[in-house]
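Observations on the three-dimensional arrangement
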Amino acid sequence: MSPDGYERIEPVIGLEVHCQLRTEAKLFSSAPAQPDAGDGANGNQRERPNTRTQPFDLGHPGTLPVLNERALVLALRLGLATGCRVAQRSSFSRKHYFYPDLAKGYQIRRLNLEEDAGKSLHSRKRRATRVDYNRAGAALVELVTEPDLRSPHEAARFMKKIRRLVRYLGVSDGRMEAGSLRCDANVSLRERGGDALGARVEIKNLNSFRHLERALRFEAARQARRIENGASVPPETRRWDEEAEQTRLLRKKETAPDYRYLPEPDLPPVVVGEELLDRVRASMPEQPEERKARFVEDIGLPERAAALLTEDRALADFYEDAVSRLYKLTGGGNTRRQARRAAHFLLNEGRRALAEHRAPIDALPVEPTDAAEVVYLILEDDLDESAARKVFAALLAGRDDDPETIAREEELLQVAGRDELKPIVEKTLDRHSKNVHRYKSGKKSLIGFFIGEVRSAFDEEGAPDPKLIREMIEDRLD
């Protein structure tokens with residue numbers, strides 16, 4: 001990728017990913033970190049400002065911090081999953097630098113575990129800014145990459161992988177639209193193939209993959225134009241203006257002395273021993289890339305199906321439970337075919353349900369055993385695709401019956417399955433041996449004739465699925 005067509009220049013990108021940890025309390029106080037259902041957690045009503053605060057969150061004199069152990073464990077879990085080296089001893093420092101939305105007047109950091117800030121609410125009409133401290137003090141982990149990304153698209157792909165990982169580990173809900181996962185992007189330009197980097201420009205608080213990619217694309221092109229015109233690129237902190245689709249200056253870049261770090265006297269150093277690390281390792285679930293490889297190698301799924309299923313941990317769990325039940329229903333046989341059929345069904349109907357209901361699959365009124373029984377009916381040729389979709393929709397609507405009962409009551413079961421069709425297919429082909437010879441000689445269009453002949457043995461309402469008939473005829477002839 002060259003910025004805006006400048007072939008001799010390439011961008012070098014590094015990300016600072018801010019991930020809000022899934023803890024009940026904040027990092028240094030017992031105030032609730034997450035909103036209650038009545039405070040807008042369900043997305044149907046707006047959370048009331050400043051209802052999740054305690055004196056410490058507001059910077060009241062005399063209040064003392066107490067480290068949230070759960071936040072430490074989640075930070076260690078993410079550190080281990082991303083291959084980081086965990087320091088045995090870490091200390092906290094105060095970052096004396098005024099932030100209106102972090103009332104204590106400092107940020108506490110080291111170990112890349114820190115407090116989130118509140119939200120500044122700007123009103124042009126009143127020409128005033130108000131601050132909501134509900135989020136202030138929530139446990140946050142920061143992942144800082146090396147400047148190793150080479151394009152906006154690559155940066156967006158990296159963020160998608162991080163979101164999948166934090167969700168898999170149970171570290172965060174990863175909701176970028178809610179601000180629990182966001183990033184600051186740093187971009188510099190250099191001569192293609194060279195080593196010397198230009199000035200680093202930071203773009204703050206990007207909370208969607210689309211914003212990240214567009215902001216980086218614009219900023220790389222902006223810097224390239226300045227260089228081509230003989231101007232310098234000063235180190236700056238900028239923000240992304242979504243409406244104008246451009247970055248805008250926030251402030252000149254600060255340096256470490258501007259923050260005036262001081263050791264935090266009220267928090268003792270954190271010592272991470274092997275016993276704690278072993279406990280964290282034991283609590284970690286299988287990671288998505290490992291699970292994808294297992295789905296391909298052990299279960300026999302195609303790469304793409306395995307990748308799609310493992311994008312969401314709940315869907316992957318649901319699939320594995322369904323396949324396990326399916327194997328019991330079939331009593332063995334071609335397990336690879338069964339697993340692929342179940343994957344095909346869930347990647348179509350399961351993901352469609354997730355999109356329609358806007359909820360994780362484990363929150364929907366359907367169990368893995370239900371899905372397994374629907375797939376079993378498909379494998380037994382008792383249901384065609386259309387009928388299976390209707391049965392699954394009834395389950396999603398909360399119907400409290402097993403799939404076969406639903407299919408029977410709704411008259412969705414196919415009258416003729418594979419066992420019933422086999423002798424009819426054989427008789428039809430024996431009766432039309434001349435057309436069989438013509439088919440084998442290359443006149444493949446005769447498949448329609450054979451299907452019609454088989455279907456004519458049934459009345460209109462009980463006629464079996466043409467796809468099943470075609471499959472059986474082709475298996476027999478080819």
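Just above, that's the structure.
What this report covers is the structure whose coordinates are included nearby. (Residues numbered from 1 in each chain as written. Predicted model: local features only at pLDDT ≥ 70, side-chain atom pairs only at ≥ 80, totals over all residues. Heavy atoms only, no water.)

So, the packing of helix H1 (residues 69-81) against helix H2 (residues 152-169)
Applicable threshold: For every element, the axis is a line fit to its C-alpha atoms; helices are fit only across the contacting stretch, and the angle between N-to-C directions ranges from 0 to 180 degrees. Put simply, DSSP H or I for four residues or longer makes a helix, DSSP E for two residues or longer makes a strand, and each gets a number counted from the N terminus. Roughly parallel refers to an angle under 35 degrees, roughly antiparallel to one over 145, roughly perpendicular to one between 65 and 115, and oblique to any angle outside these ranges. Each crossing gets its hand from how the near helix is turned against the far one by less than a right angle, where anticlockwise is left-handed and clockwise is right-handed. Any two residues whose heavy atoms approach within 4.5 Å at even a single point are treated as in contact. Polar here means any residue outside two lists: the nonpolar Ala, Val, Leu, Ile, Met, Phe, Trp, Tyr, Cys and Pro, and the charged Asp, Glu, Lys and Arg; Gly therefore counts as polar.
Put simply, H1 and H2 touch, their axes get as near as 11 Å, and they point 130° apart. Here H1 is positioned oblique relative to H2, judged by the angle of their axes. In this structure, H1 crosses over H2, and the sense of that crossing is right-handed. Residues Arg77, Leu78 and Ala81 of H1 pack against Leu165, Val166 and Leu169 of H2. Residue composition of the contact of H1 with H2, grouped by class: five nonpolar, no polar and one charged.

Quick word on the sheet that holds strand S11 (residues 236-241)
This is how the line gets drawn: Pairing between two strands is assigned when DSSP locates at least 2 bridges connecting them.
Pairing is mixed across the open sheet formed by seven strands, whose spatial order is S5-S8-S1-S9-S10-S11-S12. The open sheet terminates on both sides in strands that have one partner only, identified here as strand S5 (113-115) and strand S12 (246-252). Here the average twist between neighbouring strands, direction ignored, is 30°. Here strand S9 (residues 181-191) pairs with strand S10 (residues 201-206) via four bridges, running antiparallel. The residue bridging Asn186 from the neighbouring strand is Glu202, located in S10. Contacting S5 and strand S8 (139-144), H1 runs over the sheet at an angle of about 20° to S8. Strands strand S1 (9-20), S8 and S9 of the sheet are contacted by H2, whose axis makes an angle of about 20° with S1.

Points about the pattern of salt bridges
Side chains that differ in charge, positive against negative, can pair when their charged atoms come close. Where we set the bar: Each salt bridge in this description consists of a side-chain nitrogen of Lys or Arg and a carboxyl oxygen of Asp or Glu lying within 4 Å of one another. The buried label applies to any residue whose accessible area, calculated with a 1.4 Å probe on protein chains only, is under 20% of its type's maximum; exposed applies above 50%, and partly exposed to all values in between.
Using the criterion set out here, one finds 43 salt bridges in the structure. Among the salt bridges present, the one from Asp116 reaches Arg135, with a minimum N-O distance of 3.6 Å. With Asp116 in the loop between S5 and strand S6 (119-123) and Arg135 in the loop between strand S7 (128-132) and S8, the pair connects residues that are 19 residues apart, well separated along the chain. For the pair shown, Asp116 and Arg135 are each scored as buried. A salt bridge links Arg182 to Asp116; the nearest nitrogen and oxygen atoms lie 2.5 Å apart. Here Arg182, found in strand S9, pairs with Asp116, found in the loop between S5 and S6; they are 66 residues apart in sequence, far enough to count as distant. Owing to a relative accessible area of 9%, Arg182 belongs among the buried residues under this scheme.

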